[in-house]
Amino acid sequence: MLEGDGLPLPVVKSRLTGTHGIAFATRFIEAVNGSEDGGGGTAAEDRAVLRGSYSELHGHLGDRKWVPPRMATRCGERARPGYAGTRAHEFLDEPEVLRAKVKLLAELFRRAETPVIYAGAGLSTSAGVSDYATRAGSNSVLNRAKNVAHTTHTNATTASDTTNAISGGGGLCGAGKVLSPFAAKPALGHHVIAALARAGHVWRFIQQNHDGLPQKAGMPQHLMNEIHGGWFDPSNPVVKMSGNLRSDLFADLLTCEENADLVLAVGTSLSGMNADRVVSTCASKATPGLKQAGPTTFSCQNAAQEGAETLGSVIVSLQRTPHDANSSLRIYALIDDVMSLLAEELELEVHDNVSNKPTGVVASNPAVFQPDPLIQKLIGGRKIVDQDVFEVPYSPSDGLRTAGCATKHTLDLREGARVMLTGGPQKGEMATVTGRNADGHWRLRVTHRQVSNSGAIKEFGEVRLLGSWWAVEAMVGTLPSIPVVTVAGGDAAASDAA
């Protein structure tokens, strides 16, 4: 039943309670979570510490002297029912091992020329946005680390220190559930990745999530590939699990797959999505010499002397993945903990949601996105984009950047203006700007037309959002194209006159 149907254990417990009573149901679930096979899992993930090859525990560059990760949360459910993957048990590296691994990660970033970030839903869980693979509920490592100081876990020196952190005494905190995921604010992990980009350590960011949190933290949109759709790009609606990837974004994914010399996978179960290929391919191309080097001999200088071309994959996740054994470096820790330590190692300048609120690492200027005063009490900060009409170097016919950014055209996003989608499955469809939401993003009502078999035409509207950062980058001309353009006679003034 568990294997064939992929039923969540709470559902199984509910059914058993109804037929056999709560006592029997409780004992059954405890047996599944605590059995030697974990209800079908492997003995490797059902012990107090994780067992396996050193590559599975630490990656090819791992030190054989490092102690294995320990189990922090036992959960016998499948992380992603219906997909490749493992049980949802959660593991943590010991503090001294974690710090050593992050030092090695910093070395890899210094060496990499075309590093790619590949992010799954786990990157945003500490921002209050739900993921799929966390199955332990309130017992998960993240939930037990919420609303506490940003100190104990990453500064711990013993196993008991780390245990205390996760049981309520420390660890990088995550946000509580947000009123709406559209209004979520970036977590520390998003801010550090944005800082990596500003420092030149991110060539591309492939984002499986739809939430726009990297851009809110300051990640340049022109580095982003929202391969599964984006809530703040009206031309890129969310792709259904049975749907097709956008052709231009898939082509860009293949370019990343071919050229990445380092892929950092964070918060993804790597359970068999098409986009996972960027991780597996980079891992398979890792320079053979690196796999035998180990952390005691590997360094940027040595790698350069040996002519290393591909550094492989780094996986950061609390849960095991099918790609662990092929990774160059495998880290079991909270993403925000890893990013905090990485910011220290690389001496990054990390921005925050609110300019006067430190993040726990080096903080300075506010991030690109700031919400307006209407919701300051909810998510803090202030809006920085106040204008709605922009002169941008993009063609009004197709949204492509003009040659040399020499010719500029008006992009009118005032309320009532008419714009056209320039890409995606609804390319060419019209939309009307209906103002801004409380966060300062533009609301667009897209008009869809359907023609029935009888020839009858049905029109219906759908509201989508355009992130405020699009206008900022469009004015500079860093984007190859923009998702909407103002059509002739579609500006707000013309609409008012009509």
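Provided above is the structure to which this section pertains.
Described in the following lines is the structure provided in the data block.

Our next topic: the nonpolar core. Core analysis: the largest hydrophobic core is formed by 43 residues, its most contacted members being Leu105, Phe109, Phe205, Leu264, Val266, Ile331 and Leu342. Every element with two or more residues in this core is listed here: helix H5 (95–111), strand S3 (115–119), helix H9 (188–198), strand S6 (262–266), strand S7 (312–316), strand S8 (329–331) and helix H15 (335–346). By residue number, the principal contributor to this core is H5, which donates eight residues. Discounting residues that sit within four places of it in the chain, Val266 has contacts with Ile117, Tyr118, Ala119, Gly120, Leu123, Val316, Ile335 and Met339. Core analysis: the second largest hydrophobic core is formed by 26 residues, Leu413, Val446, Ala474 and Val487 among them.

What follows deals with unusual backbone geometry. Residue Leu270 is not a glycine yet carries a positive backbone phi of 50 degrees. Secondary-structure assignment places Leu270 in the loop between S6 and helix H12 (277–284). Taking relative accessible area as the criterion, Leu270 reaches 1% and is therefore assigned buried. Positive phi, close to 55 degrees, is recorded for Cys405, a residue that is not glycine.

What follows deals with the side chain of Glu226. Mapped onto the fold, Glu226 is located in the loop between strand S5 (224–225) and helix H11 (247–259). Of the side chains bearing the opposite charge, Arg246 lies closest to the buried Glu226, which forms no salt bridge; the N-O distance is 8.2 Å. In this structure the side chain of Glu226 is engaged in a polar contact, spanning 3.2 Å, whose partner is the side chain of Gln215. In this view, Glu226 contacts Gln207, Gly212, Gln215, Gln221, Asp233, Asn236 and Leu249; residues no more than four positions away in its chain are not counted.

The subject of this paragraph is the sheet that holds strand S13 (residues 418–421). Taken together, the five strands give an open sheet; going across it, the order is S16-S15-S14-S13-S17, and neighbouring strands pair in antiparallel fashion. Two strands lie at the open edges of the sheet, namely strand S16 (457–466) and strand S17 (484–486), each paired on one side alone. On average, each strand axis in the sheet is tilted by 35 degrees relative to the strand beside it, whichever way the strands run. Pairing of strand S14 (residues 430–436) with strand S15 (residues 442–451), which is carried by four bridges, proceeds in the antiparallel orientation. Bridge assignment links Thr432 to a residue of S15, and that residue is Arg445.

With that settled, consider the packing of H9 against H15. With their axes 8 Å apart at the nearest point, H9 and H15 run at an angle of 30 degrees to one another. The way H9 lies across H15 gives a crossing that is left-handed. Facing H9, whose interface residues are Leu188, Gly189, Val192, Ile193 and Leu196, H15 presents Asp336, Met339, Ser340, Leu342, Ala343 and Leu346. Split into classes, the residues belonging to the contact of H9 with H15 amount to eight nonpolar, two polar and one charged.

Parameters and conventions
- Each chain carries its own residue numbering, running from 1 in the written order of its sequence.
- With pLDDT at 70 or above as the cut-off, local features in this predicted model cover only qualifying residues; side-chain atom pairs require 80 or more to be listed or tallied, and sums for whole chains, interfaces and linings still use all residues.
- The basis for every side-chain value is the complete set of non-hydrogen atoms in the structure, without hydrogens or water.
- Definition used in this section: a nonpolar core is a set of buried Ala, Val, Leu, Ile, Met, Phe, Trp, Tyr and Cys residues joined via side-chain atoms within 4.5 Å.
- Categorising residues by exposure relies on relative accessible area from a 1.4 Å probe, with only protein chains included: less than 20% of the type maximum marks a residue as buried, more than 50% marks it as exposed, and the intermediate range marks it as partly exposed.
- Secondary structure elements follow DSSP: runs of H or I of four or more residues count as helices, runs of E of two or more count as strands, with numbering from the N terminus.
- By definition, residues are in contact when any of their heavy atoms lie within 4.5 Å.
- Charge counting follows a simple rule: Lys and Arg are positive, Asp and Glu are negative, and His as well as the terminal groups are ignored.
- A pair is scored as a salt bridge if a Lys or Arg side-chain nitrogen falls within 4 Å of a carboxyl oxygen belonging to Asp or Glu.
- As used in this structure description, the phrase polar contact means that two N or O atoms lie within 3.5 Å; if the pair is within protein, one of them must be able to donate a hydrogen and the other to accept it, and residues adjacent in sequence are counted only when both atoms belong to side chains.
- Note: two strands are recorded as paired if DSSP finds a minimum of 2 bridges between them.
- Fitted lines through C-alpha atoms give the axes, limited to the stretch in contact for helices. The angle between two N-to-C directions lies from 0 to 180 degrees.
- The hand of a helix crossing depends on one turn: near helix anticlockwise from the far one by less than a right angle means left-handed, and clockwise means right-handed.
- By the convention adopted, Pro, Cys, Tyr, Trp, Phe, Met, Ile, Leu, Val and Ala count as nonpolar, Lys, Arg, Asp and Glu as charged, and the other residues, Gly among them, as polar.

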